[in-house]
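Summary of the model geometry
The primary structure of each chain is shown beneath.
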Amino acid sequence: MYRIAIETPEDAWEIEALYDLCFAPGRTALSSYRLRDGVDPVPDLCRTARAAEGGFLGGAIRYWPVLAGGAATLLLGPVAVHPTAQGEGLGGALIRDTLAAAEAAGWARVLLVGDRPYYSRFGFDRLDGIEMPPPTNPDRVLGVELAADAWQGVSGPVTRFDGVHPVQD
């Protein structure tokens, strides 16, 4: 049994260790990391999943504000589940919990770079016209609407958000 909670500053080192374990050594060289450099994550949406007994970190998820074609957008990621906890639905629980929280907070759209077969179960689909910085494979640029027609008319490059978190539209 895992308990999902908002990430705290004390969780940071453990989350980074989990990401190091779950992802390739060059993960911070990915284009999505350039969008995160020097930008604070959206704190109310960053979560951990800890075992009810012992506090073992089984998973973590983070969100970052970006601009997609100039529109305020959440960038989901990274999301990771410890290898010993994979296959238990923990990643899905983190995604569902945080998407519901993002919708309740008034965010209209979420984007990520990932595998469509996995993320489609949460409503994500390929985004045409949204351009992640190279060398991102356009087939892996996925989005979901948290508000009706949130991606309609949104196109162009995904850029860093510098400043206070944008007002959601």
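Described in the following lines is the structure provided in the data block. Given the structure is predicted, the values throughout are model-derived calculations rather than measurements.

**So, the overall build of the protein chain**
A count of helices and strands for the protein chain gives four helices and nine strands. For the protein chain, the succession of helices and strands along the chain, N to C, is β-α-α-β-β-β-α-β-α-β-β-β-β. Taken over C-alpha atoms, the radius of gyration comes to 15 Å for the protein chain, in line with the 15 Å a tight globule of 169 residues would show. Once the C-alpha set of the protein chain is aligned to its principal axes, its extents read approximately 45 × 35 × 35 Å. Out of the 169 residues belonging to the protein chain, those deemed buried represent 47%. A separation of at least 24 residues holds for 71% of the contacts in the protein chain among residues at least 6 apart in sequence. Within the protein chain, the 22 negative side-chain charges are centred at a point lying 3 Å from the centre of the 14 positive side-chain charges.

**A look at the pattern of salt bridges**
In this structure the tally under the stated criterion is nine salt bridges. For Asp-11, the salt bridge identified is with Arg-50, shortest N-O distance 3.0 Å. Of the two residues, Asp-11 sits in the loop between strand 1 (2-6) and helix 1 (12-22) while Arg-50 sits in strand 2 (residues 47-51), which places them 39 residues apart along the sequence. Residue classification places Asp-11 among the buried positions, given a relative accessible area of 8%. Judged by its relative accessible area of 12%, Arg-50 falls in the buried class.

**Observations concerning the environment of Arg-62**
By the secondary structure assignment, Arg-62 is in strand 3 (residues 57-68). For Arg-62, a relative accessible area of 8% corresponds to the buried category. C-alpha of Arg-62 to C-alpha of Val-79: the two residues are 17 residues apart in sequence and 6.6 Å apart in space. In contact with Arg-62, not counting residues within four places along its chain, are Glu-7, Ala-12, Ile-15, Glu-16, Tyr-19, Cys-46, Leu-75, Leu-76, Gly-77 and Pro-78. Polar side-chain contacts of Arg-62 include one of 2.7 Å to the side chain of Glu-16.

**Here we look at the nonpolar core**
Grouped burial of nonpolar side chains is what soluble globular proteins tend to show. The biggest cluster of nonpolar side chains holds 26 residues, and the ones touching the most others in it are Leu-99, Val-110 and Phe-124. Going through the elements one at a time, strand 3, strand 4 (71-81), helix 3 (90-104), strand 5 (109-113) and strand 8 (141-145) are the ones with two or more residues in this core. If one sorts the elements of this core by residue count, helix 3 sits on top with six residues. Not counting residues within four places of it along the chain, the set of residues in contact with Val-110 comprises Tyr-63, Thr-73, Leu-74, Leu-76, Leu-99, Phe-124, Leu-142, Gly-143, Val-144, Leu-146 and Trp-151. Formed by 14 residues, the second largest nonpolar core is a distinct cluster that contains Leu-35, Trp-64, Leu-111 and Val-154.

Calculation notes
- Residues numbered from 1 in each chain as written.
- Predicted model: local features only at pLDDT ≥ 70, side-chain atom pairs only at ≥ 80, totals over all residues.
- Heavy atoms only, no water.
- Helix = DSSP H or I, 4+ residues; strand = E, 2+ residues; numbered from the N terminus.
- Rg over C-alpha atoms; globule rule 2.2 N^0.38 Å.
- Buried < 20%, exposed > 50% of the residue type's maximum accessible area, 1.4 Å probe, protein only.
- Contact = heavy atoms within 4.5 Å.
- Lys, Arg positive; Asp, Glu negative; His and termini not counted.
- Charge placed at Lys NZ, Arg CZ, Asp CG, Glu CD.
- Salt bridge = Lys/Arg side-chain N within 4 Å of Asp/Glu carboxyl O.
- Polar contact = N/O pair within 3.5 Å; in protein donor to acceptor, adjacent residues only side chain to side chain.
- Core = buried A, V, L, I, M, F, W, Y, C linked by side-chain atoms within 4.5 Å.

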